Amino acid sequence: MTSKITDVPGVRVGHVQRTGEGWLSGVTVVLPPPGTVGSVDVRGGGPGTHETDALDPTTLVPTVDAVVLTGGSAFGLVTAHGAQRWCEEQGRGFAVPGGVVPIVPAAAIFDLGRGGDFAARPDEAMGYEAAGAAAASSEHAAVGRGNVGAGTGALIGRGAFKGGVGTASITLDNGVVVGALAVVNALGMPLGSPSRRPDSGTSEPAGPPMLNTTLAVVATNAVLNPAECKRTASAAHAGLARALSPSHTLADGDTVFALATGAVGLDRSSEQARQVSLITLQSAAADAVRLAVLDGVAAAESITTPAGTFPAYVAV
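**Student:** Explain the pairing of strand E14 (residues 213-222) to me, using residue names and the numbers behind them.
**Tutor:** The buried count for E14 comes to 10 of 10 residues, which makes it a mostly enclosed element. The alternating pattern of E14 places Thr213, Leu215, Val217, Ala219 and Asn221 and Thr214, Ala216, Val218, Thr220 and Ala222 on opposite faces, both of which are buried. Judged from the 8 bridges that link them, strand E12 (residues 177-185) and E14 form a sheet pairing that is antiparallel. If you follow Ala182 over to E14, its bridge partner there is Ala216. Strand direction decides the pairing type here: E14 and strand E16 (residues 255-264), joined by 7 bridges, are parallel. Considered in E16, the bridge of Ala219 is made with Leu259.

Rendered as C-alpha coordinates:
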(Lines give C-alpha, C1' and ligand atoms only; values in the text may rest on other atoms or scores of the structure.)
Protein backbone atom coordinates (compact mmCIF):
# COMPACT_ATOMS: atom_id res chain seq x y z
CA MET A 1 0.00 0.00 0.00
CA THR A 2 1.32 3.45 -0.90
CA SER A 3 2.57 5.47 2.05
CA LYS A 4 0.82 8.80 2.44
CA ILE A 5 0.50 11.92 4.54
CA THR A 6 -2.69 10.54 6.10
CA ASP A 7 -0.59 7.87 7.81
CA VAL A 8 -0.18 10.64 10.40
CA PRO A 9 -3.21 10.10 12.67
CA GLY A 10 -5.83 12.81 12.38
CA VAL A 11 -4.54 14.35 9.16
CA ARG A 12 -7.01 14.41 6.26
CA VAL A 13 -6.78 15.58 2.66
CA GLY A 14 -9.48 16.83 0.30
CA HIS A 15 -9.18 17.52 -3.44
CA VAL A 16 -11.48 19.43 -5.78
CA GLN A 17 -10.69 19.95 -9.45
CA ARG A 18 -12.24 21.04 -12.72
CA THR A 19 -11.20 19.99 -16.23
CA GLY A 20 -12.67 20.69 -19.65
CA GLU A 21 -14.43 23.79 -20.99
CA GLY A 22 -11.24 25.81 -20.49
CA TRP A 23 -10.49 24.41 -17.04
CA LEU A 24 -7.40 22.61 -15.80
CA SER A 25 -7.01 23.56 -12.16
CA GLY A 26 -8.02 22.64 -8.63
CA VAL A 27 -7.59 22.92 -4.87
CA THR A 28 -6.15 20.68 -2.18
CA VAL A 29 -6.85 21.17 1.54
CA VAL A 30 -4.82 19.49 4.27
CA LEU A 31 -6.96 19.40 7.41
CA PRO A 32 -5.08 18.59 10.64
CA PRO A 33 -6.67 17.82 14.00
CA PRO A 34 -7.53 20.81 16.22
CA GLY A 35 -4.58 22.18 18.16
CA THR A 36 -1.99 21.31 15.51
CA VAL A 37 1.10 23.53 15.63
CA GLY A 38 2.36 24.86 12.30
CA SER A 39 4.98 26.88 10.50
CA VAL A 40 6.26 27.52 6.97
CA ASP A 41 9.42 28.20 5.00
CA VAL A 42 9.26 29.97 1.62
CA ARG A 43 12.38 29.53 -0.54
CA GLY A 44 11.29 30.20 -4.12
CA GLY A 45 11.76 33.54 -5.84
CA GLY A 46 8.19 33.77 -7.13
CA PRO A 47 5.87 32.77 -4.28
CA GLY A 48 2.11 33.20 -4.14
CA THR A 49 1.07 32.89 -0.50
CA HIS A 50 -1.61 33.90 2.02
CA GLU A 51 -1.32 34.21 5.82
CA THR A 52 2.22 32.81 5.96
CA ASP A 53 3.34 35.67 8.23
CA ALA A 54 0.95 34.30 10.85
CA LEU A 55 3.08 31.14 11.04
CA ASP A 56 6.23 32.91 12.19
CA PRO A 57 7.29 31.38 15.55
CA THR A 58 7.29 34.84 17.16
CA THR A 59 3.64 35.58 16.37
CA LEU A 60 0.58 35.23 18.59
CA VAL A 61 -1.15 32.06 17.39
CA PRO A 62 0.88 28.81 17.24
CA THR A 63 -1.78 26.59 15.69
CA VAL A 64 -3.08 26.00 12.15
CA ASP A 65 -6.66 25.02 11.28
CA ALA A 66 -6.12 24.09 7.61
CA VAL A 67 -3.56 24.47 4.84
CA VAL A 68 -4.76 25.29 1.33
CA LEU A 69 -2.77 24.47 -1.80
CA THR A 70 -4.32 25.86 -4.95
CA GLY A 71 -3.99 26.49 -8.64
CA GLY A 72 -4.81 29.82 -10.18
CA SER A 73 -1.67 31.70 -9.14
CA ALA A 74 -2.41 34.74 -6.94
CA PHE A 75 -6.06 34.68 -8.08
CA GLY A 76 -6.46 31.21 -6.57
CA LEU A 77 -5.53 32.35 -3.07
CA VAL A 78 -9.18 33.35 -2.61
CA THR A 79 -9.80 29.61 -2.05
CA ALA A 80 -8.38 30.09 1.45
CA HIS A 81 -11.45 32.20 2.27
CA GLY A 82 -13.69 29.25 1.45
CA ALA A 83 -11.70 26.88 3.66
CA GLN A 84 -11.70 29.52 6.39
CA ARG A 85 -15.48 29.84 6.18
CA TRP A 86 -15.81 26.06 6.46
CA CYS A 87 -13.58 26.04 9.55
CA GLU A 88 -15.59 28.86 11.14
CA GLU A 89 -18.82 26.93 10.64
CA GLN A 90 -17.22 23.99 12.48
CA GLY A 91 -16.05 26.22 15.34
CA ARG A 92 -12.39 25.70 14.43
CA GLY A 93 -10.12 28.69 14.96
CA PHE A 94 -8.54 31.13 17.37
CA ALA A 95 -11.12 32.12 19.95
CA VAL A 96 -11.99 35.82 20.05
CA PRO A 97 -14.95 37.69 21.54
CA GLY A 98 -17.99 36.68 19.53
CA GLY A 99 -16.53 33.72 17.66
CA VAL A 100 -13.38 32.21 16.18
CA VAL A 101 -10.86 33.28 13.56
CA PRO A 102 -9.55 30.23 11.68
CA ILE A 103 -5.86 30.30 10.79
CA VAL A 104 -5.75 29.08 7.18
CA PRO A 105 -2.49 29.73 5.32
CA ALA A 106 -2.35 29.03 1.61
CA ALA A 107 0.04 28.83 -1.30
CA ALA A 108 -0.61 28.75 -5.03
CA ILE A 109 0.94 27.34 -8.18
CA PHE A 110 0.85 29.02 -11.57
CA ASP A 111 -1.42 27.09 -13.95
CA LEU A 112 -3.31 29.96 -15.59
CA GLY A 113 -4.52 29.23 -19.09
CA ARG A 114 -3.38 25.63 -19.21
CA GLY A 115 -6.92 24.44 -19.80
CA GLY A 116 -7.42 27.05 -22.51
CA ASP A 117 -9.19 29.76 -20.50
CA PHE A 118 -7.02 32.18 -18.50
CA ALA A 119 -10.02 33.13 -16.34
CA ALA A 120 -10.81 29.52 -15.33
CA ARG A 121 -9.29 29.41 -11.86
CA PRO A 122 -10.31 28.16 -8.43
CA ASP A 123 -12.64 30.29 -6.34
CA GLU A 124 -13.85 30.50 -2.76
CA ALA A 125 -16.51 27.84 -3.33
CA MET A 126 -13.89 25.31 -4.41
CA GLY A 127 -11.86 25.99 -1.26
CA TYR A 128 -14.96 25.40 0.86
CA GLU A 129 -15.72 22.18 -1.01
CA ALA A 130 -12.15 20.88 -0.65
CA ALA A 131 -12.20 21.50 3.11
CA GLY A 132 -15.47 19.61 3.38
CA ALA A 133 -14.07 16.76 1.29
CA ALA A 134 -11.09 16.48 3.65
CA ALA A 135 -13.35 16.35 6.69
CA ALA A 136 -15.58 13.73 5.09
CA SER A 137 -12.68 11.36 4.44
CA SER A 138 -11.92 8.57 6.88
CA GLU A 139 -8.92 8.16 9.18
CA HIS A 140 -5.84 7.08 7.20
CA ALA A 141 -7.79 7.39 3.94
CA ALA A 142 -6.08 6.99 0.58
CA VAL A 143 -4.90 10.28 -0.92
CA GLY A 144 -5.62 11.17 -4.53
CA ARG A 145 -2.42 11.44 -6.58
CA GLY A 146 -1.42 12.83 -9.95
CA ASN A 147 -3.93 14.99 -11.83
CA VAL A 148 -6.04 15.94 -8.84
CA GLY A 149 -6.60 18.96 -6.63
CA ALA A 150 -3.93 21.61 -6.88
CA GLY A 151 -1.93 19.29 -9.13
CA THR A 152 -4.58 19.23 -11.87
CA GLY A 153 -2.83 21.87 -13.97
CA ALA A 154 0.72 21.27 -12.75
CA LEU A 155 3.62 20.89 -15.19
CA ILE A 156 7.35 20.24 -14.87
CA GLY A 157 10.43 20.88 -16.97
CA ARG A 158 9.53 24.34 -18.34
CA GLY A 159 6.11 23.05 -19.28
CA ALA A 160 7.43 19.95 -21.04
CA PHE A 161 5.71 17.27 -18.95
CA LYS A 162 2.73 16.83 -16.65
CA GLY A 163 3.26 17.25 -12.92
CA GLY A 164 0.86 16.49 -10.11
CA VAL A 165 0.16 15.61 -6.50
CA GLY A 166 2.33 13.07 -4.71
CA THR A 167 2.50 11.78 -1.16
CA ALA A 168 4.67 9.63 1.09
CA SER A 169 5.36 8.86 4.74
CA ILE A 170 8.12 7.49 6.95
CA THR A 171 7.66 5.84 10.35
CA LEU A 172 10.55 6.11 12.81
CA ASP A 173 11.51 3.55 15.46
CA ASN A 174 10.15 5.76 18.25
CA GLY A 175 6.63 5.74 16.78
CA VAL A 176 6.91 9.16 15.16
CA VAL A 177 5.26 9.31 11.73
CA VAL A 178 6.39 11.92 9.21
CA GLY A 179 4.20 12.34 6.14
CA ALA A 180 4.40 14.67 3.16
CA LEU A 181 2.18 15.84 0.34
CA ALA A 182 3.64 17.69 -2.66
CA VAL A 183 2.18 19.61 -5.59
CA VAL A 184 4.86 19.42 -8.27
CA ASN A 185 4.75 22.29 -10.76
CA ALA A 186 8.48 22.82 -11.13
CA LEU A 187 10.68 24.62 -13.61
CA GLY A 188 13.14 21.77 -13.05
CA MET A 189 13.07 18.07 -13.82
CA PRO A 190 13.50 14.98 -11.63
CA LEU A 191 17.15 14.85 -10.60
CA GLY A 192 19.25 13.00 -13.15
CA SER A 193 16.71 13.44 -15.98
CA PRO A 194 17.82 14.64 -19.41
CA SER A 195 17.10 18.35 -19.81
CA ARG A 196 14.92 17.98 -22.90
CA ARG A 197 11.35 18.29 -24.06
CA PRO A 198 9.44 15.43 -25.65
CA ASP A 199 10.01 15.02 -29.37
CA SER A 200 8.56 18.19 -30.87
CA GLY A 201 11.27 19.50 -33.15
CA THR A 202 12.33 22.22 -30.69
CA SER A 203 14.60 22.25 -27.67
CA GLU A 204 12.80 25.03 -25.82
CA PRO A 205 9.09 25.72 -25.28
CA ALA A 206 7.57 28.50 -27.33
CA GLY A 207 6.40 31.71 -25.73
CA PRO A 208 7.46 33.31 -22.43
CA PRO A 209 9.17 31.33 -19.66
CA MET A 210 6.82 29.19 -17.60
CA LEU A 211 6.05 30.24 -14.03
CA ASN A 212 6.43 27.46 -11.52
CA THR A 213 6.19 26.30 -7.94
CA THR A 214 6.50 23.14 -5.91
CA LEU A 215 4.41 23.17 -2.75
CA ALA A 216 4.68 20.71 0.11
CA VAL A 217 3.02 20.02 3.44
CA VAL A 218 4.95 17.96 5.99
CA ALA A 219 2.95 16.54 8.89
CA THR A 220 4.07 14.62 11.96
CA ASN A 221 2.45 13.23 15.08
CA ALA A 222 5.39 14.46 17.17
CA VAL A 223 5.24 17.20 19.78
CA LEU A 224 6.94 20.26 18.28
CA ASN A 225 6.81 23.92 19.22
CA PRO A 226 6.49 26.62 16.53
CA ALA A 227 10.27 27.16 16.29
CA GLU A 228 10.84 23.41 15.85
CA CYS A 229 8.11 23.35 13.19
CA LYS A 230 9.87 26.21 11.41
CA ARG A 231 13.15 24.30 11.44
CA THR A 232 11.37 21.17 10.18
CA ALA A 233 9.89 23.10 7.25
CA SER A 234 13.36 24.49 6.49
CA ALA A 235 14.96 21.04 6.63
CA ALA A 236 12.23 19.58 4.41
CA HIS A 237 13.26 21.91 1.58
CA ALA A 238 16.29 19.65 1.14
CA GLY A 239 13.83 17.09 -0.23
CA LEU A 240 12.95 19.43 -3.10
CA ALA A 241 16.62 19.91 -3.92
CA ARG A 242 17.21 16.14 -3.85
CA ALA A 243 14.28 15.46 -6.19
CA LEU A 244 14.34 18.35 -8.69
CA SER A 245 17.06 20.08 -10.67
CA PRO A 246 17.08 23.01 -10.52
CA SER A 247 14.94 23.91 -7.50
CA HIS A 248 14.29 27.12 -5.55
CA THR A 249 14.82 29.24 -8.66
CA LEU A 250 13.78 32.83 -9.24
CA ALA A 251 10.84 31.49 -11.30
CA ASP A 252 9.67 29.01 -8.64
CA GLY A 253 7.56 29.79 -5.58
CA ASP A 254 8.74 26.76 -3.60
CA THR A 255 7.01 26.66 -0.21
CA VAL A 256 6.94 24.03 2.55
CA PHE A 257 4.46 23.99 5.44
CA ALA A 258 5.11 21.92 8.58
CA LEU A 259 2.38 20.62 10.90
CA ALA A 260 2.82 18.86 14.25
CA THR A 261 -0.23 17.22 15.82
CA GLY A 262 1.50 16.66 19.19
CA ALA A 263 0.48 13.06 19.89
CA VAL A 264 3.96 11.56 20.44
CA GLY A 265 6.61 13.11 22.66
CA LEU A 266 10.25 13.17 21.61
CA ASP A 267 13.12 12.15 23.85
CA ARG A 268 14.14 15.37 25.60
CA SER A 269 15.85 13.73 28.59
CA SER A 270 19.06 15.60 27.79
CA GLU A 271 20.16 18.26 25.36
CA GLN A 272 21.93 15.65 23.26
CA ALA A 273 18.81 13.46 23.18
CA ARG A 274 16.70 16.44 22.13
CA GLN A 275 19.06 17.29 19.30
CA VAL A 276 19.23 13.71 18.05
CA SER A 277 15.44 13.40 18.14
CA LEU A 278 14.90 16.59 16.15
CA ILE A 279 17.64 15.88 13.63
CA THR A 280 16.23 12.40 13.02
CA LEU A 281 12.71 13.76 12.52
CA GLN A 282 13.85 16.58 10.26
CA SER A 283 15.96 14.24 8.15
CA ALA A 284 12.87 12.07 7.69
CA ALA A 285 10.89 15.18 6.69
CA ALA A 286 13.35 15.92 3.89
CA ASP A 287 13.21 12.34 2.66
CA ALA A 288 9.40 12.24 2.81
CA VAL A 289 9.23 15.39 0.67
CA ARG A 290 11.68 13.90 -1.82
CA LEU A 291 9.55 10.77 -2.12
CA ALA A 292 6.33 12.80 -2.39
CA VAL A 293 7.76 14.93 -5.21
CA LEU A 294 8.88 11.89 -7.18
CA ASP A 295 5.49 10.25 -6.52
CA GLY A 296 3.72 13.33 -7.89
CA VAL A 297 5.69 13.15 -11.12
CA ALA A 298 5.20 9.38 -11.46
CA ALA A 299 1.44 9.58 -10.79
CA ALA A 300 0.75 12.41 -13.25
CA GLU A 301 -1.07 11.45 -16.45
CA SER A 302 -0.89 12.90 -19.94
CA ILE A 303 -3.59 15.37 -20.89
CA THR A 304 -4.54 17.44 -23.94
CA THR A 305 -6.34 20.78 -23.70
CA PRO A 306 -6.84 23.69 -26.10
CA ALA A 307 -3.57 25.05 -24.67
CA GLY A 308 -1.58 22.00 -25.76
CA THR A 309 -0.65 18.42 -25.01
CA PHE A 310 1.18 17.76 -21.75
CA PRO A 311 2.64 14.23 -21.73
CA ALA A 312 3.39 12.17 -18.64
CA TYR A 313 7.05 12.01 -17.72
CA VAL A 314 8.62 8.59 -18.16
CA ALA A 315 12.03 8.08 -16.57
CA VAL A 316 14.70 6.74 -18.90
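So, next bit.
**Student:** Describe in detail the side chain of Arg92, supporting the description with residues and values.
**Tutor:** Within the secondary structure, Arg92 sits in the loop between helix H1 (79-89) and strand E6 (94-96). Within the buried set, Arg92 has no salt-bridge partner at all; the shortest N-O distance to an opposite charge, 4.6 Å, is to Asp65. Once residues within four sequence positions are removed from consideration, Arg92 is found in contact with Leu31, Pro32, Pro33, Pro34, Asp65, Trp86, Cys87, Val100 and Pro102.

The rules behind these values
Residues numbered from 1 in each chain as written. Predicted model: local features only at pLDDT ≥ 70, side-chain atom pairs only at ≥ 80, totals over all residues. Heavy atoms only, no water. Buried < 20%, exposed > 50% of the residue type's maximum accessible area, 1.4 Å probe, protein only. Helix = DSSP H or I, 4+ residues; strand = E, 2+ residues; numbered from the N terminus. Pairing = 2+ DSSP bridges. Lys, Arg positive; Asp, Glu negative; His and termini not counted. Salt bridge = Lys/Arg side-chain N within 4 Å of Asp/Glu carboxyl O. Contact = heavy atoms within 4.5 Å.

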